[in-house]
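Residues per chain are reported as follows:
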Amino acid sequence: MKILAVDDDVLIHGVLRTVLAGAGYDDVSFAASANEARMLVGAVSAPYDAYLLDIQMPGDDGIALCRWLRKEAGCRAEPIIMITSMSAKTFLDGAFQAGATDYVTKPFDVTELATRIRQADRQSQANRRIRDDAIRLRALKAALEDMRRVDLTASVALDDVDGALEPLALENYLLRLGRGDLAGTSLIAFRLPGITRLHARLAATAYRDLLADAAESILAALQGSGALLAHAGAGAFVTVLPRGFEADLDEVAALASQVLDDLGLIDDTGLPIAAPFVVAGAHHCGMMTSGRDAVGVLHALSARARVDSLEPAEPVHQDGARQRFGLVRPFARR
Amino acid sequence: MSAVLKTTIDRLKPRFIVNLTEWQASFRALRPELSGDADLPPLLHELRFATHRMAGLAGTLGFRALGRLAQQAEAQLVPLTDATAPARPLPPAVLASLDALMREMDRVVADASPARTGR
């Protein structure tokens, strides 16, 4: 443990040096005034682990020095032990208000002094562990963020969302269906118009969380339809509704937007994330639609939603007309 | 007390005695002025500073009685130095405390003199 002891009496330095060495602490620097201590603190590359400060010194006293260490020198948690004579104990309140952690009295009780130093050492070690853990944690978080970072146009697997598949799995699902099975199936694409800004603004984890929340919001708005969903990149989501769907899609988008808004999402700086959905396109499979046709439509919808997402926000239904999908066979079953 | 600490303290004692001798001379010069019409605040601050240092060191180096008397004198001087204008004459207890300390300083210096220690 690296210690700085400050006392205007050099004879005290001698006593402290011996007591500290006897307790196993040899790395001790001495200053005879607050100004000298400030210079030492400013000059060292590795900070001191603990401080011993005499309260009553000519010039700035130990309390002023303690306050300076806490507020200006960045010594937030290092132990600061005040040295005071028995008759000056009234100064201790001010010392603790200035950030002192302990005190010893002069004349020194050698055993007590050694005990206090060892306590300070334990505190210093605990502080160092906390500091090191925090550094490691920050590095791990940064590494994790790097690992989780995805390109704006890349699709993101939403493993934690029920009903969410990878795009390829959604295609395979469509390919497995026969013509008759696909009849009545609806394909709908949604997009988040502000995704480019959000991708740039959010950390990787927050971006993934946003996509997962967005997917859940869409699926919640489509509740009861048996919808399957995939993220197609760039804030575009494609859904497959095997039982068809008969509803106003603008209302579905508005409902999904409301669900997402109700989550109260905020970014790393505490600012709210506003991400209203827009319907990018929809298709209703007829009796003659094959699985390959459906995959082609899915690709087209995905591409359109991605391109539109990367453009400035603009409503799809510019004339305000409602887009309604009447089903050939309501709730057709495969 | 460890042997190393005892050695350190024994080594520091002569230096303390040198300091004590200087304080002794200073106290002897200042003491008559405390009862006269000298400007009191600077005198009291000087005495307080000396008693403070003496109180901190004397006990640690084994001069327990001196340390205790220095503490008592410092405690008497603190309210006087904190006051903007100390009352005249100084309270008898303050003077008595300083006189007792000076007697102990004389005794310690005499005990440590070469004639007594054989050095």
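Residues numbered from 1 in each chain as written. Chains lettered and ligands numbered in written order. Predicted model: local features only at pLDDT ≥ 70, side-chain atom pairs only at ≥ 80, totals over all residues. Heavy atoms only, no water.

### A few points about the overall build of chain B
- On a plain count of helices and strands, chain B comes out with five helices and zero strands.
- Ordered by position from the N terminus, the helices and strands of chain B form the series α-α-α-α-α.
- For chain B, the spread of C-alpha atoms along the three principal axes comes to 50 × 30 × 20 Å.
- The buried share among the 119 residues of chain B stands at 48%.
- Here the contacts in chain B between residues at least 6 apart in sequence split such that 68% fall between residues at least 24 apart.
- Carbon and sulfur atoms form 59% of the exposed surface of chain B, whose accessible area is close to 6,100 Å². (Helix = DSSP H or I, 4+ residues; strand = E, 2+ residues; numbered from the N terminus. Buried < 20%, exposed > 50% of the residue type's maximum accessible area, 1.4 Å probe, protein only. Contact = heavy atoms within 4.5 Å. Areas by Shrake-Rupley, 256 points an atom, 1.4 Å probe, with all protein chains shown as cover.)

### Structural notes on the overall build of chain A
- Regarding its fold elements, chain A presents 11 helices and 10 strands.
- The C-alpha radius of gyration of chain A comes to 34 Å, more than 25% above the 20 Å expected for a compact globule of 334 residues.
- Buried residues in chain A amount to 50% of all 334 residues.
- Of the contacts made within chain A by residues no fewer than 6 positions apart, 75% connect residues no fewer than 24 positions apart.
- As displayed, chain A offers around 15,900 Å² of accessible surface, 52% of which is attributable to carbon and sulfur atoms. (Rg over C-alpha atoms; globule rule 2.2 N^0.38 Å.)

### Here we look at the domain arrangement of chain A
- Under the domain assignment, chain A is made up of domain 1 (3-145) and domain 2 (164-310).
- Taking only C-alpha atoms, the centre of domain 1 of chain A and the centre of domain 2 of chain A are 60 Å apart. (Domains from an automatic or database assignment.)

### Description of the interface of chain B and chain A
- Between chain B and chain A, the contact holds 19 residues from the first and 20 residues from the second.
- The largest per-residue losses of area from chain B upon contact with chain A belong to L5, H52 and T60 of chain B, which jointly make up 30% of the total buried on that side.
- The interface formed by chain B and chain A contains one salt bridge.
- R53 of chain B is the salt-bridge partner of D9 of chain A, the closest N and O atoms lying 3.2 Å from each other.
- In this structure, the connection of chain B to chain A is made through three residue pairs in polar contact (both at pLDDT 80 or more). (Buried area = accessible area lost by both parts, 1.4 Å probe. Salt bridge = Lys/Arg side-chain N within 4 Å of Asp/Glu carboxyl O. Polar contact = N/O pair within 3.5 Å; in protein donor to acceptor, adjacent residues only side chain to side chain.)

### Quick notes on helix α11 (residues 291-310) of chain A
Residue and element names in this part refer to chain A.
- When the terminal C-alpha atoms of α11 are compared, their 29 Å separation across 20 residues agrees well with the 28 Å that a helix rising 1.5 Å per residue should span.
- All buried positions along α11 are accounted for by G291, A294, V295, V297, L298, L301, S302, A305 and S309. End-on, the buried residues of α11 take up no more than an arc of 160°, which puts them together on one face. (Expected span 1.5 Å × (residues − 1). Arc of directions from axis to C-beta.)

### As for the sheet that holds strand β10 (residues 278-284) of chain A
Residues and elements named next belong to chain A.
- Ordered by their spatial adjacency, five strands build an open sheet running β6-β8-β9-β7-β10, and the pairing between neighbours is mixed. The sheet terminates laterally at β6 (164-165) and β10, the two strands that pair on one side only.
- Contacting β6, β7 (186-191), β8 (228-233) and β9 (236-241), helix α9 (residues 204-221) runs over the sheet at an angle of about 30° to β9.
- Where helix α10 (residues 249-262) meets the sheet, it contacts β7 and β10, and its direction lies at approximately 135° from that of β10. (Pairing = 2+ DSSP bridges. Axes fitted to C-alpha atoms, helices over the stretch in contact; angles between N-to-C directions.)

### Remarks on the nonpolar core
- Of all hydrophobic cores here, the largest spans 61 residues; its most connected members are L16 of chain A together with F16, L20, F27, M54 and L66 of chain B.
- Not counting residues up to four positions away in its chain, the partners in contact with F27 of chain B are L47, A50, T51, M54, L98, L101, M102 and M105 of chain B.
- Core analysis: the second largest hydrophobic core is formed by 39 residues, A164, F190, L211 and L229 of chain A among them. (Core = buried A, V, L, I, M, F, W, Y, C linked by side-chain atoms within 4.5 Å.)

### A short note on the sheet that holds strand β5 (residues 102-106) of chain A
All names here are of chain A.
- The strand order β2-β1-β3-β4-β5 describes an open sheet built from five strands, whose pairing is parallel. Single-partner strands in this sheet number two, and they are β2 (28-31) and β5. Between one strand axis and the next, the sheet turns by 20° as a mean value, whatever way the strands run.
- One ladder, built from four bridges, connects strand β3 (residues 50-54) with strand β4 (residues 80-85); its direction is parallel. Paired with Y51 across the two strands is I80, which belongs to β4.

### Points about the confidence of the model for chain B
- Of all residues in chain B, 95% have pLDDT values of 70 or greater, and the mean over the chain is 86.
- By mean pLDDT, helix α5 (residues 114-117) of chain B is the weakest element of chain B at 58, and helix α4 (residues 92-112) of chain B is the strongest at 94. (pLDDT = per-residue confidence, 0-100.)

### A few points about the pairing of β9 of chain A
All names here are of chain A.
- Summarising burial for β9: six of the six residues are buried, a large majority.
- Side chains A236, V238 and V240 project from β9 onto one buried face, and the interleaved F237, T239 and L241 project onto a second face that is buried too.
- Of the pairings in the sheet, the one linking β7 to β9 comprises six bridges and is antiparallel in character. The residue of β9 that forms the bridge with A189 is V238.
- In terms of strand pairing, β8 meets β9 through five bridges, oriented antiparallel. By the bridge assignment for β9, H231 is matched with F237.
- In this antiparallel pair of consecutive strands, β8 and β9, the connection spans two residues, and A234 shows a positive phi of 55°.

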